[in-house]
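Spelled out from the first residue to the last, the chains are:
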Amino acid sequence: MAEIELVGLSKVYPGDVRAVDSLDLTIPDHEFFALLGPSGCGKTTLLRTIAGLEAATEGQVRIGGEDVTALPPGKRDLAMVFQDYALFPHMTVVDNIAYPLRVKGKPKDERREAASAAGDELSLSGLMERRPAELSGGQQQRVALARAVACRPRVFLFDEPLSNLDARLRLEARSFLKKLQKELGVTTVFVTHDQAEALAMADRIAVMDKGKIRQVGTPKEVFQRPVNTFVANFIGSTPMNLLPGVVSGDVVQIAGQELPLPADVRDAVSAGQEVVFGARPEYLVFSPSSVPESLQGEVTVVENLGTAALVTLEAEGLSVAVTVPEGAEPELGDKGWVTTTPGRVLIYDGADGELVGSRVPAATAA
Amino acid sequence: MAQTTSPATEAGAGCPDGPGGPDGPGGVDGPGGVDGADNAARSTARDPADSGETDVVGLGKWRASAFVAPALVLVAIFLVFPALWTLYIGITNYRLTGIAARVPEFVGFDNYVRAVGDANFLNSLYLTLIFVLFSAVIGQNGLGFALAWRLQDVRGWVRRLVESLVLLAWILPSSIVAFLWIALLDRDSGTLNALLGTPGLAWLIEYPMVSIIIFNIWRGTAFSMLLYSAALASVPPSQLETATLVGASRWQTLRDVIFPHVRGHVLTNTLLISLWTFNDFTPFLITAGGPDGRTETLPVYIYNTAITGGQMGYGAAVSLIMLLINLVIAIFYLRLLRERR
């Protein structure tokens, strides 16, 4: 168990490709931390640099207060679970789990004991003498976890460990993994490209793009108050509406219409400033009849989400998505009016996409 | 006449003739034979399902046979007939010259009995085994693996240079490499003596066996290197990284992760190069079996007795014995390969 600290960490590949760009990050002890981002954002490179599989170009990796930047991976006291599980096909489950201990030169009895303890913990007790090829995907994944657990490391590193499971199993594995991490209390860094997975499992999330961290926060913070349009766009199973507009007094003009400017940012913007008006479909209200302070449009798409429908309105070339509870879905071609929920609107600067007034801790982030 | 012994010596002379190919009247090409068996098994399993649908082109049996016939005739003339002919003359006292050449007499198994008791034959067999063990099983295998292992993370011109040099030794015709090695090892104006400053040392006379062993390692390492490069590339990187993360040493990684993955490749490679080296005729071009029979491996021995010595009957018998030894080697490796899957 240990804290992980990254100080000015960079990883530069030949050709000046900055996969990780002077990154500072502290992951406290016992935390379940997710690195989230689109493919190619550098999240896996960052994980591999923490592991020592990639050498850092600049900066430091500190684990438990100790600088491990120059240490080989084997001396960093961490365990990694790979996307393909990396089980040795020629070894039985018990040998796979005990392998790290064998390398460490532990006696055979101790190895078997630790392996069967870890196997029990992950409900593998009946499968210990099988080969990986004789196991299902979910079982293989648990063997890989058991191998990581058995050597009691200070840090777990997971590289997309759930992506090879089918959808239903993935949901089970999520809660299982979260519970396991809480029980063991081992500091865990988890790489994923699936924002739902990160939101569901992590204590804190770092959203990465092009080698830089764009936002660090709890799932709630990252979901409710993305600090820039990149994060706003990336987080959420239905993408946030990001509508370009111009500030005009107490309103924002969007596609020739007007929506009220939230009170808490009125001081932070000036009239005529170009902004991006951000609101999640879940936080917008659809109305089939005209209401004040609303955006009017025509229904062009209705997608069924199960308990609700995602309705897309077209308003002068701009599309706005809004969720409508079941039973109230409009027909295609209907007129519709959309109003905002107070406190759920985010205003981003039109030039750099940063959240306006983000320095002020807002009530919405509660 | 020289064709008569071709089935045995032909396989020997063409050392680097690819992976055995579908030639070889016997089972010299072990893996090929296995593939054939597999295919046969598969196609018979498939046949009942689409019986009646197999004649997709609609040629009919006779016209289809006509298309295959020329190939079959060639195979019969150049493979089946010489093989049967070799079997036949192996039990006669057939010679290249003299009375026995006109009226060969049937001698039963005399040739075989004579071979088993012949000190020259046994010496040749011994030399061949030494040659195979040191130049193929240890030399080519070991050096090929070492090169492949070392070149794993090497990219760019260094890799291309090493690969080209090694491959060059493999693709040059036997006659040319033989000339190169004779020039290298020559007593009076040889390159090696000039390099080592040992003028007048006759390598091919003082160390004939060592010379041809090193020659054959140099010649054949390319195949092992290429095969092992491919094998090493097939080891999943995540497994290697898992080993690295738990702190396994290079040796532990090799033993626990890499070797189990490439075990099948090692056996296949060893089988192929053993058989090729066993049948290799190229040493003849350098030493002609000399001095005094000290490099007379079996293919050379057969050539020297049957063609140079004119004892065709006896040579044919030894050829068949050699074929049987090849079979035994092949079966041994294949057993090993199948057993511990």
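What you see is a predicted model; the values in this text were computed from it and never measured.

Definitions and cut-offs
- Residues numbered from 1 in each chain as written.
- Chains lettered and ligands numbered in written order.
- Predicted model: local features only at pLDDT ≥ 70, side-chain atom pairs only at ≥ 80, totals over all residues.
- Helix = DSSP H or I, 4+ residues; strand = E, 2+ residues; numbered from the N terminus.
- Buried ≥ 20, exposed ≤ 12 C-beta atoms within 10 Å, placed from the backbone.
- Contact = placed C-beta atoms within 7 Å.
- Pairing = 2+ DSSP bridges.
- Axes fitted to C-alpha atoms, helices over the stretch in contact; angles between N-to-C directions.
- Nonpolar A, V, L, I, M, F, W, Y, C, P; charged D, E, K, R; others polar.
- Core = buried A, V, L, I, M, F, W, Y, C linked by C-beta atoms within 7 Å.
- Parallel < 35°, antiparallel > 145°, perpendicular 65-115°, else oblique.
- Left-handed = near helix turned anticlockwise from the far one by under 90°.
- pLDDT = per-residue confidence, 0-100.

Caption draft 1: Summary view of the overall build of chain A. If you tally the helices and strands in chain A, you get 8 helices and 20 strands. The dimensions of chain A, computed from C-alpha atoms along their principal axes, are 75 × 45 × 40 Å. Within the span of chain A, comprising 366 residues, buried residues form 42% of the whole. Taking as baseline every contact in chain A between residues at least 6 positions apart, the subset at least 24 positions apart corresponds to 65%.

Caption draft 2: Representation of the overall build of chain B within the structure. The helix and strand inventory of chain B stands at 16 helices and 0 strands. The burial tally for chain B puts 35% of its 341 residues in the buried class. In chain B, the share of contacts with a sequence separation of at least 24, taken over all contacts with a separation of at least 6, comes to 72%.

Caption draft 3: How the structure looks around the sheet that holds strand β5 (residues 66-67) of chain A. All names here are of chain A. Read from one edge of the open sheet, 4 strands run β2-β1-β4-β5, paired in antiparallel fashion. The open sheet is flanked by β2 (17-27) and β5, the only strands paired with a single partner. Pairing analysis gives 5 bridges linking strand β1 (residues 4-13) to strand β4 (residues 58-63), with the strands arranged antiparallel. In the sheet register, valine 7 faces β4, and the bridge partner there is glutamine 60. Those strands touched by helix α1 (residues 43-51) are β1, β2 and β4, and its axis lies near 65° from that of β2.

Caption draft 4: Region of the structure containing the sheet that holds strand β17 (residues 308-315) of chain A. Residues and elements named next belong to chain A. Strand order in the open sheet made by the 5 strands is β15-β19-β16-β17-β18, with antiparallel pairing throughout. If you trace the sheet from one side to the other, it starts and ends with β15 (284-287) and β18 (318-325), each paired once. Across the sheet, the mean angle from the axis of one strand to that of its neighbour is 45°, orientation sign disregarded. Two elements, strand β16 (residues 295-304) and β17, share 6 bridges in a ladder whose sense is antiparallel. Along β17, the bridge assignment pairs glutamate 303 with leucine 310.

Caption draft 5: Representation of the interface of chain B and chain A. Each partner contributes residues to the interface: chain B has 13 residues there, and chain A has 16 residues. Contributions of two or more residues to the side of chain B that touches chain A are made by α12 (237-245) and α13 (250-278) of chain B. If you tally residues by element for the side of chain B that touches chain A, the top one is α12 of chain B, at 6 residues. Here the side of chain B that touches chain A is built from residues that sort into 6 nonpolar, 6 polar and 1 charged.

Caption draft 6: Main features of unusual backbone geometry. Although it is not a glycine, serine 123 of chain A adopts a positive phi angle of roughly 45°. Positionally, serine 123 of chain A belongs in the loop between α3 (108-121) and α4 (137-150). Not every positive phi belongs to a glycine, and aspartate 292 of chain B is a case in point at roughly 60°. With respect to the helices, strands and loops of the structure, aspartate 292 of chain B is situated in the loop between α14 (282-287) and α15 (298-308).

Caption draft 7: Inspection of the environment of glutamine 141 of chain A at higher detail. All names here are of chain A. Secondary-structure assignment places glutamine 141 in helix α4. Separated by 87 residues in the primary sequence, glutamine 141 and asparagine 228 place their C-alpha atoms 35 Å from one another. When sequence neighbours within four positions are dropped, the list of residues in contact with glutamine 141 reads Tyr85, Pro161, Leu165 and Ala173.

Caption draft 8: Looking closely at the nonpolar core. The biggest cluster of nonpolar side chains holds 111 residues, and the ones touching the most others in it are Leu35, Ala150, Leu157 and Phe190 of chain A. Here the element with the most residues in this core is α4 of chain A; it accounts for 7 residues. Leucine 157 of chain A has contacts with Leu47, Ile50, Ala51, Leu78, Met80 and Val189 of chain A, leaving out every residue within four places of it along the chain. Phe131, Ala136, Val166 and Leu204 of chain B belong to the second-largest nonpolar core, a separate cluster that totals 33 residues.

Caption draft 9: View of the pairing of strand β13 (residues 257-260) of chain A. Residue and element names in this part refer to chain A. Bridge analysis of strand β12 (residues 251-254) against β13 gives 4 bridges, and the strand direction is antiparallel. The partner of valine 251 across the bridge, within β13, is proline 260. Connecting the antiparallel pair β12 and β13 is a turn made up of 2 residues, with alanine 255 showing a positive phi of about 50°.

Caption draft 10: The arrangement of the packing of helix α3 (residues 61-89) of chain B against helix α16 (residues 312-339) of chain B in detail. All names here are of chain B. At a minimum axis separation of 7 Å, α3 and α16 run at an interaxial angle of 115°. Comparing their axes, α16 and α3 come out roughly perpendicular. When the axes of α3 and α16 are compared, the crossing they make is left-handed. Here Thr86, Leu87 and Ile89 of α3 come into contact with α16, specifically with Met312, Gly313, Ala316, Ser319 and Leu320. For the contact of α3 with α16, the residue count by class is 5 nonpolar, 3 polar and no charged.

Caption draft 11: Seen up close, the pairing of strand β14 (residues 274-279) of chain A. Residues and elements named next belong to chain A. Among the 6 residues that make up β14, 5 are buried, leaving the element largely enclosed by the rest of the structure. Pairing of strand β11 (residues 241-248) with β14 involves 6 bridges; the strand directions are antiparallel. In the sheet register, leucine 243 faces β14, and the bridge partner there is phenylalanine 277. Of the pairings in the sheet, the one linking β14 to strand β20 (residues 346-349) comprises 4 bridges and is antiparallel in character.

Caption draft 12: Highlighting α1 of chain A. Judged by how many residues are buried, α1 of chain A sits mostly within the fold: 9 of 9 residues are covered. In the stretch just after α1 of chain A, glycine 52 of chain A is the one whose phi turns positive, near 95°.

Caption draft 13: Representation of the confidence of the model for chain A within the structure. The predicted model of chain A has a mean per-residue pLDDT of 88, with 97% of residues at 70 or higher. In this model residues 359-366 of chain A is a low-confidence stretch, pLDDT under 50, and it forms 11 contacts with partners more than four residues away in sequence or in other chains.

Caption draft 14: Quick peek at the environment of threonine 97 of chain B. Its place among the elements puts threonine 97 of chain B in the loop between α3 and α4 (99-102). Along the backbone, threonine 97 of chain B and glycine 310 of chain B are 213 residues apart, and their C-alpha atoms lie at a distance of 6.7 Å.

Caption draft 15: The packing of helix α5 (residues 110-117) of chain B against α16 of chain B, seen in detail. All names here are of chain B. Running from amino to carboxyl end, α5 crosses α16 at an angle of 70°, the nearest separation of the two axes being 9 Å. Between α5 and α16, the angle falls in the class roughly perpendicular. Crossing hand, α5 versus α16: right-handed. Across the interface between the two elements, Asn111, Tyr112, Arg114 and Ala115 from α5 touch Gly313, Tyr314, Ala317, Val318 and Ile321 from α16. Class assignment for the residues of the contact of α5 with α16 results in 6 nonpolar, 2 polar and 1 charged.

Caption draft 16: Spotlight on the confidence of the model for chain B. All names here are of chain B. Chain-level pLDDT for chain B is 80 on average; 84% of the residues reach the 70-or-more range. Between the elements of chain B, mean pLDDT differs from a low of 38, seen in helix α1 (residues 6-13), to a high of 92, seen in helix α6 (residues 119-150). Here residues 1-51 is a poorly scored stretch, pLDDT under 50, and it has 70 contacts once near neighbours within four places are set aside; other chains count. Reported for the predicted complex are a pTM of 0.74 and an ipTM of 0.80.

Caption draft 17: Representation of the environment of alanine 144 of chain A in the model. Residues and elements named next belong to chain A. Relative to the assigned elements, alanine 144 resides in helix α4. Residue classification places alanine 144 among the buried residues on the basis of 27 C-beta atoms within 10 Å. Along the primary structure alanine 144 and serine 248 are separated by 104 residues, whereas in three dimensions their C-alpha atoms are 58 Å apart. When residues no more than four places from it in sequence are discounted, the contact partners of alanine 144 are Val81, Tyr85, Ala86 and Leu87.

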